[in-house]
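Each chain, written out:
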Amino acid sequence: MIKPRYEAVLFDLDGTLLDTAPDFITAIDRLLESKGLPPTDPATTRNMVTHGSAGIVASAFQIDPTDPGFEALRQEFLSLYLENLADRTRPFPGISELLADLGVSKIPWAIVTNKPWLYTRAILQQLPLASTPSAVVCPDHVARNKPDPESVYLACKTIQVAPERCICIGDHRRDVESGLNAGTSTIAAGYGYLDPDDDPADWGADYVVDDSEQIYRLIFD
């Protein structure tokens with residue numbers, strides 16, 4: 001097997017490692033139906049995943065997060081999401097092969113995400129992956145979320161690999177900036193959940209990919 005170019009790989013979760021949008025769409029459509037409203041446009045919801053539950057609910061209901069009823073809607077949505085969050089979620093194409101070969105090569109990989117531990121843990125428990133992450137860092141584990149480098153530093157400390165020997169992959173500017181701020185190499189995942197006017201080429205990453213299968217060739221040179 002070809003030797004990897006890096007000693008560890010750090011992945012963002014939603015829109016980078018896993019295509020979680022289908023289960024978000026199911027949850028928000030169930031909530032809309034319960035309120036007597038039509039389903040959302042799937043493409044719109046897909047793009048909103050990067051903005052978390054607040055962004056999805058605000059977009060689907062056309063409601064401002066400062067509205068008095070917003071938080072109750074968001075909590076209903078999260079409860080529904082927790083019930084089905086691994087039904088249709090899958091690794092992006094090429095990711096399973098990459099994880100399998102990282103496992104065989106004994107190269108640690110980690111998840112560094114702004115998704116809370118409750119939902120991250122549930123997905124990992126219910127969705128078998130080709131190898132096991134050596135670290136999982138969520139907002140619950142740090143004082144400052146991405147783009148602050150704290151979560152990247154914690155992942156590197158846990159897997160005992162210096163940041164400069166790691167590569168950090170994500171589908172949002174904050175993912176790339178957290179890696180750059182920590183001193184890792186970076187890949188901008190242009191296939192992920194991007195805002196329509198967002199250009200990954202502007203994020204300052206070392207590499208930009210528009211296909212998840214391209215990541216393998218950057219890791220295993």
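Check the entry above for the structure.
What you are looking at is a predicted structure, and each value in this text was computed from that prediction instead of being measured.

Asker: Any chance you could break down the overall build of the protein for me, citing the residues and the numbers?
Answerer: Counting its regular elements, the protein contains nine helices and eight strands. Its C-alpha atoms give the protein a radius of gyration of 17 Å, near enough to 17 Å, the size a compact globule of 221 residues would have. Along the first, second and third principal axes, the C-alpha set of the protein runs to 55 × 30 × 30 Å. Sorting the 221 residues of the protein into buried and exposed places 52% on the buried side.

Asker: Residues and numbers for the packing of helix α3 (residues 52-61) against helix α4 (residues 70-84), please.
Answerer: Running from N to C, α3 and α4 cross one another at 110°; their axes reach a closest spacing of 10 Å. Taken as axis vectors, α3 and α4 run roughly perpendicular relative to one another. In the crossing of α3 with α4, the sense of the turn from one axis to the other is right-handed. Each of Ser53, Ala54, Ile56, Val57, Ala58 and Phe61 in α3 lies in contact with α4, whose residues at this interface are Phe70, Leu73, Arg74, Phe77 and Leu78.

Asker: Tell me about the side chain of Thr120, and please be specific about residues and values.
Answerer: Mapped onto the secondary structure, Thr120 falls in helix α6 (residues 117-126). Using a relative accessible area of 0% as the deciding quantity, one classes Thr120 as buried. With sequence-adjacent residues up to four places away left out, Thr120 is seen in contact with Leu13, Thr113, Lys115, Val136 and Cys138.

Asker: Give a detailed account of the pairing of strand β1 (residues 8-11), specifying residues and quantitative values.
Answerer: Of the two faces of β1, the one holding Ala8 and Leu10 and the one holding Val9 and Phe11 are both buried throughout. As judged from the four bridges shared by β1 and strand β6 (residues 166-170), these two strands associate in the parallel manner. The residue of β6 that forms the bridge with Ala8 is Cys166. In this sheet, strand β4 (residues 109-112) lies alongside β1 in parallel orientation, the contact comprising three bridges. Residue Leu10 lies in a different strand from β4, and its bridge partner there is Ala110.

Asker: Break down the pattern of salt bridges for me, with residues and values.
Answerer: Counted by the stated rule, this structure contains ten salt bridges. The closest approach of N and O atoms between Glu7 and Arg165, which form a salt bridge, is 3.9 Å. Here Glu7 is found in the segment before β1, whereas its partner Arg165 is found in the loop between α7 (150-159) and β6, with 158 residues between them in sequence. With relative accessibility at 39%, the residue Glu7 sits in the partly exposed group. The network of salt bridges with shared partners includes Asp12, Lys146 and Asp175.

Asker: Can you break down α6 residue by residue, with the values?
Answerer: Buried within α6 are the following residues: Tyr119, Thr120, Ala122 and Ile123. Along the axis of α6, the buried residues cluster in a sector spanning 165°; they form a single face.

The rules behind these values
Residues numbered from 1 in each chain as written. Predicted model: local features only at pLDDT ≥ 70, side-chain atom pairs only at ≥ 80, totals over all residues. Heavy atoms only, no water. Helix = DSSP H or I, 4+ residues; strand = E, 2+ residues; numbered from the N terminus. Rg over C-alpha atoms; globule rule 2.2 N^0.38 Å. Buried < 20%, exposed > 50% of the residue type's maximum accessible area, 1.4 Å probe, protein only. Axes fitted to C-alpha atoms, helices over the stretch in contact; angles between N-to-C directions. Parallel < 35°, antiparallel > 145°, perpendicular 65-115°, else oblique. Left-handed = near helix turned anticlockwise from the far one by under 90°. Contact = heavy atoms within 4.5 Å. Pairing = 2+ DSSP bridges. Salt bridge = Lys/Arg side-chain N within 4 Å of Asp/Glu carboxyl O. Arc of directions from axis to C-beta.

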